[in-house]
Amino acid sequence: GDGITADIDPAVEATKCVLQPKVDLEKLQKRSAGFVAISLTHPELDRVTIYFSTLPRFQITPASIILFNPEPQKPTVKKISVVSNYGENFEIESTSSEKGIAKVLSQEQIGKGYQFEVEVTPPPLDQTGRFSDVLNVQLGDGDKLSIKCYGRYMDTEK
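What counts and how
- Residues numbered from 1 in each chain as written.
- Predicted model: local features only at pLDDT ≥ 70, side-chain atom pairs only at ≥ 80, totals over all residues.
- Heavy atoms only, no water.
- Core = buried A, V, L, I, M, F, W, Y, C linked by side-chain atoms within 4.5 Å.
- Buried < 20%, exposed > 50% of the residue type's maximum accessible area, 1.4 Å probe, protein only.
- Helix = DSSP H or I, 4+ residues; strand = E, 2+ residues; numbered from the N terminus.
- Contact = heavy atoms within 4.5 Å.
- Pairing = 2+ DSSP bridges.
- Axes fitted to C-alpha atoms, helices over the stretch in contact; angles between N-to-C directions.
- Patch = residues over 30% accessible without salt bridge, like charges linked within 9 Å, V, L, I, M, F, W, Y side chains within 5 Å.
- Areas by Shrake-Rupley, 256 points an atom, 1.4 Å probe, with all protein chains shown as cover.
- Salt bridge = Lys/Arg side-chain N within 4 Å of Asp/Glu carboxyl O.

Sorry if this is basic, but what is going on with the nonpolar core here?
When a protein is soluble and globular, its nonpolar side chains tend to lie buried together. Of all hydrophobic cores here, the largest spans 22 residues; its most connected members are Val118 and Val120. Listing elements by their share of this core, those giving two or more residues are β5 (58–61), β6 (64–68), β7 (76–84), β10 (113–120), β11 (130–139) and β12 (144–152). When residues no more than four places from it in sequence are discounted, the contact partners of valine 120 are Ile65, Leu67, Lys74, Pro75, Thr76, Ile101, Ala102 and Phe131.

What follows is the structure, given as structure tokens:
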């Protein structure tokens, strides 16, 4: 996907070659794993393949909010951290909830990231016994992070 490239002159033959790879971070954001293939003229090996995987731009911990057997309409507060895996500073423009079940109470900058206090208010119990929401974090550079919130009411009948 042209996320990692290197300048190679195919007309030059050598017994040793040092490559200087160039990384396009924008392209790698769309593809987090892949391989680089290098064709050779060596009689015993015609191709070298280098597999790679990259870290996502941000680490969200925990990756989602899960509530087991919550009390309907009783808020629960959880902490979530969002940290840059590449040491970059970033800004939070806004946060929003798709269904209004989750909301950010506070956000605090921590190192190269933020820690959020998120309040989840489970809806009234329905026939599914489950609920979900998505907390969206809009970054200042236009990117958006999504944190899923799940809840399950356990069978209370004995």
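Explanation requested: the sheet that holds β11 in the structure shown.
The strands that make up a sheet are held in pairs by hydrogen bonds between backbone atoms, and each pair lies either parallel or antiparallel. The four strands lie next to each other as β6-β12-β11-β8, forming an open sheet whose pairing is mixed. Looking at which strands have only one partner, the edges of the open sheet turn out to be β6 and β8 (92–97). The mean angle between the axes of side-by-side strands here comes to 15°, regardless of whether they run parallel or antiparallel. Here five bridges tie β8 to β11, and the two strands are oriented antiparallel to one another. Of the residues in β11, the one forming a bridge with isoleucine 92 is leucine 139.

Just to check I follow, could you spell out the sheet that holds β7 for this structure?
In space, the four strands of this open sheet follow the order β5-β7-β10-β9, with antiparallel pairing throughout. Two strands close off the open sheet at either side, each with one partner strand: β5 and β9 (102–110). The average undirected angle you get between the axes of adjacent strands in this sheet is 20°.

Is there a simple way to think about a nonpolar patch on the surface in this case?
On the surface, Ile66, Phe68, Tyr150 and Met154 cluster together into a nonpolar patch covering about 410 Å² of accessible area. Here methionine 154 is to be found in the segment after β12. With relative accessibility at 37%, the residue methionine 154 sits in the partly exposed group.

Any link to function would need more than the numbers given here.
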